[in-house]
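The chain contents come next:
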Amino acid sequence: MNSNKTTPHILPNNPKDLQSIDLRSGATFLGQGALDLSSFPRLSQEIASDSNLKPSQVHWELSTWFEERLGGIPLQYMHLRLAVDLPLHCQACFQPYMESIDSDRDYILFDTEEEAEAWDMDEENQDAEDALVSSETFNLLENMEDELLLSLPLSARHAPGECKAEDLAKVTQKLKTGSEEIIIKKPNPFAILEKLKKQ
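Everything numeric here is computed off the predicted structure, so don't read it as measured data. Throughout this description, residue numbers start from 1 for each chain and increase along the sequence as written. Thresholds applied to this predicted model are a pLDDT of at least 70 for local features of residues and 80 or more for the giving and counting of side-chain atom pairs; totals over whole chains, interfaces and linings are not thresholded and use all residues. Note that the side-chain values use all heavy atoms of the structure and ignore hydrogens as well as water.

J.: How do you make sense of the pattern of salt bridges when you look at a structure like this?
T.: Charged atoms that come close allow side chains of opposite charge to pair. Any Lys or Arg side-chain nitrogen found within 4 Å of a carboxyl oxygen on Asp or Glu counts as a salt bridge. What the rule picks out here adds up to six salt bridges. A salt bridge links D111 to R24, with the shortest nitrogen-to-oxygen separation between them at 3.5 Å. Separated by 87 residues along the polypeptide, D111 in the loop between β5 (96–110) and α2 (113–121) and R24 in the loop between β1 (9–11) and β2 (29–35) bring together distant segments of the chain. Measuring nitrogen to oxygen at the nearest pair gives 2.4 Å for the salt bridge that ties E147 to R105. Taken together, the residues E147 in helix α3 (residues 140–151) and R105 in strand β5 connect sequence positions 42 residues apart. Residue R105 is classed as partly exposed on the basis of its relative accessible area of 26%. Salt bridges sharing partners connect three or more residues here, namely R42, E145 and D146. Per the convention used, a helix needs a DSSP run of H or I reaching at least four residues, while a strand needs a run of E reaching at least two, with both numbered from the N terminus. The buried label goes to any residue with under 20% of its type's maximum accessible area, the exposed label to any with over 50%, and the partly exposed label to all in between, with areas taken from a 1.4 Å probe on protein chains only.

J.: What should I look at first to understand α3 in this one?
T.: Helical periodicity: at 3.6 residues per turn, an α-helix aligns residues three or four positions apart in one direction. Compared with an ideal rise of 1.5 Å per residue, which puts 12 residues at 16 Å, α3 spans 16 Å between its outermost C-alpha atoms and is within 8% of the ideal. Each polar contact in these results corresponds to two N or O atoms within 3.5 Å; when the atoms are within protein, one needs to be able to donate a hydrogen and the other to accept it, and residues that are neighboring in sequence are counted only if both atoms are side-chain atoms. Taking the backbone nitrogen of L141 as reference, a side-chain oxygen 3.2 Å away marks N139 as the first, capping residue of α3. Expected helix span is given by 1.5 Å per residue-to-residue step, counting one fewer step than there are residues.

J.: It is not clear to me how unusual backbone geometry should be interpreted in this structure. Could you clarify?
T.: Glycine aside, residues mostly have negative phi, and peptide bonds are mostly found in the trans state. Phi is positive for F94, which is not a glycine, with a value near 65 degrees. Among the structural elements, F94 can be located in the loop between β4 (75–89) and β5.

J.: Help me understand the confidence of the model for the chain, please; the structure alone is not making it clear to me.
T.: Caution applies to low-pLDDT regions: their predicted coordinates should not be interpreted in detail. Each residue carries a pLDDT value, the predictor's own confidence for that position, ranging from 0 to 100. Per-residue confidence for the chain gives a mean pLDDT of 85; residues scoring 70 or more make up 81%. The contact rule is simple, with two residues in contact once any of their heavy atoms fall within 4.5 Å. The low-confidence segment residues 180–184, where pLDDT is below 50, has zero contacts with residues more than four positions distant or belonging to other chains.

J.: Any chance you could explain the sheet that holds β5 here in plain terms?
T.: Hydrogen bonds along the backbone pair up the strands of a sheet, which may run parallel or antiparallel. Read from one edge of the open sheet, six strands run β1-β2-β3-β4-β5-β6, paired in mixed fashion. Edge positions in the sheet fall to β1 and β6 (130–133), since each has one partner strand and no second. Taken pair by pair, the neighbouring strands of this sheet meet at an average axis angle of 25 degrees, ignoring direction. Bridge count for β2 against strand β3 (residues 58–67) is six bridges, and the pairing is antiparallel. Following the sheet pairing, Q32 is matched in β3 by E61. Two strands qualify as a pair provided DSSP detects at least 2 bridges between them. Axes here mean lines fitted to C-alpha atoms, for a helix over just the part in contact, with angles spanning 0 to 180 degrees between N-to-C directions.

Okay, structure coming up:
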């Protein structure tokens, strides 16, 4: 991998072109734009589709560069920032709300999976950049979607105090009613003994 001092290659704001980028070419890349959520099918499955709230486009910015290191091949870096507003279902009141996601990450690009794993497993690098494997057909669109999925909240919720009291009351009543309807039928051991005695 050789660093190239020429003008950065500008990436188009086109989902098809972002699915195959030659990160092994030695070129540097710059790009930014906004993509419809339809370009991210896995992320689309996570949104509250029954809501009147509409997701925003996914805004993205990317840059790559090389940094020299003593006695070695220059390291290739990538910076990726993503921002999107998504309607999600609040896990407290079960009502839709808008979640703003803003992901801002740096990566070091490696030639092999083994090199990337070794970097990630090194305790000294835990607070540093994440590792990625570069390729001649790097799928940036898929990487964007992976990052957005990882940025989703573990438990989607309104900000504290924003759930409506009536919605919380409905959820409480539904849970209470549901628990009353659950009847666990276990065989009565004494009834089995009575049958055995009669035989």
